[in-house]
Amino acid sequence: MKKRLLNILARDASLSINSLATRLNCSEDAVRLLMNELIADRQIIGYKAILPENNSDDTVEALIEVKIAPRREGGFDTPAKRIARFPEVTDLSLVSGSCDLLVMVKGSSLHEVAAFVAEKLATTDGVISTATTFQLKKYKVSGRLLEDSETAERLIVCP
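Here is what the cut-offs are and how they apply
Residues numbered from 1 in each chain as written. Predicted model: local features only at pLDDT ≥ 70, side-chain atom pairs only at ≥ 80, totals over all residues. Heavy atoms only, no water. Helix = DSSP H or I, 4+ residues; strand = E, 2+ residues; numbered from the N terminus. Buried < 20%, exposed > 50% of the residue type's maximum accessible area, 1.4 Å probe, protein only. Pairing = 2+ DSSP bridges. Arc of directions from axis to C-beta. Contact = heavy atoms within 4.5 Å.

Q: Explain the environment of Thr-132 to me, please; I cannot follow it from the model alone.
A: With respect to the element layout, Thr-132 can be found in strand β4 (residues 127-134). Thr-132 sits 68 residues away from Ile-64 along the chain, and the two C-alpha atoms are 4.4 Å apart.

Printed below as a string of structure tokens:
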């Protein structure tokens, strides 16, 4: 039942306890108990509203690729935990490929994000290099299309 509840909430976290109980064919008390357990186990960490671009605030978002020199004690975790504490950082992942960490940052301007990278991120112990990419427009967030265009366009096939 946990997995079913998590899948339902991942699609629509705004459902009421009553609706969830109906979908899961159980009591509202059972759903409340299960949700409290999932929250305590940090399997549910929060709920997020996905806003279309025209409703978003005037923040600037950037994806920053970070190369790290792993430490003997703590490996990538020590610098990653340090970076995660910066309030400008909204998301942080250890990744494979050309960089070690992928950092999502929000700021009020390009200048503010650039200052964060130069003054805080690049000077963090263990950081070797950074590469910043600014987000210009979002088309899909958390599996949801932001524009209401449901028509699928087919490519013309030439012989």
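Q: In this structure, what is going on with the pairing of strand β3 (residues 101-107)? I would like to understand it.
A: Within a regular strand, side chains alternate between the sheet's two faces. The buried fraction of β3 amounts to 5 of the 7 residues, a majority that puts the element mostly inside the structure. Relative to β3, strand β1 (residues 60-68) runs antiparallel, the two sharing 7 bridges. Following the sheet pairing, Glu-65 is matched in β3 by Leu-102. Relative to β3, strand β2 (residues 89-94) runs antiparallel, the two being bridged by 5 bridges. Of the residues in β3, the one forming a bridge with Ser-93 is Leu-102. If you look at the hairpin formed by β2 and β3, you'll find 6 residues sitting between the two strands, and Gly-97 has a positive phi there, around 120 degrees.

Q: It is not clear to me how helix α4 (residues 77-84) should be interpreted in this structure. Could you clarify?
A: Residues spaced three or four apart along an α-helix face the same direction, because each turn holds 3.6 residues. Among all positions in α4, only Pro-79, Ala-80 and Ile-83 are buried. Along the long axis of α4, the arc covered by the buried residues comes to 100 degrees, so they all point the same way. Where the residues of α4 are buried, they touch β1, β2, β3, α5 (110-121) and β4.

Note that all results are geometric; they support no functional claim without further evidence.
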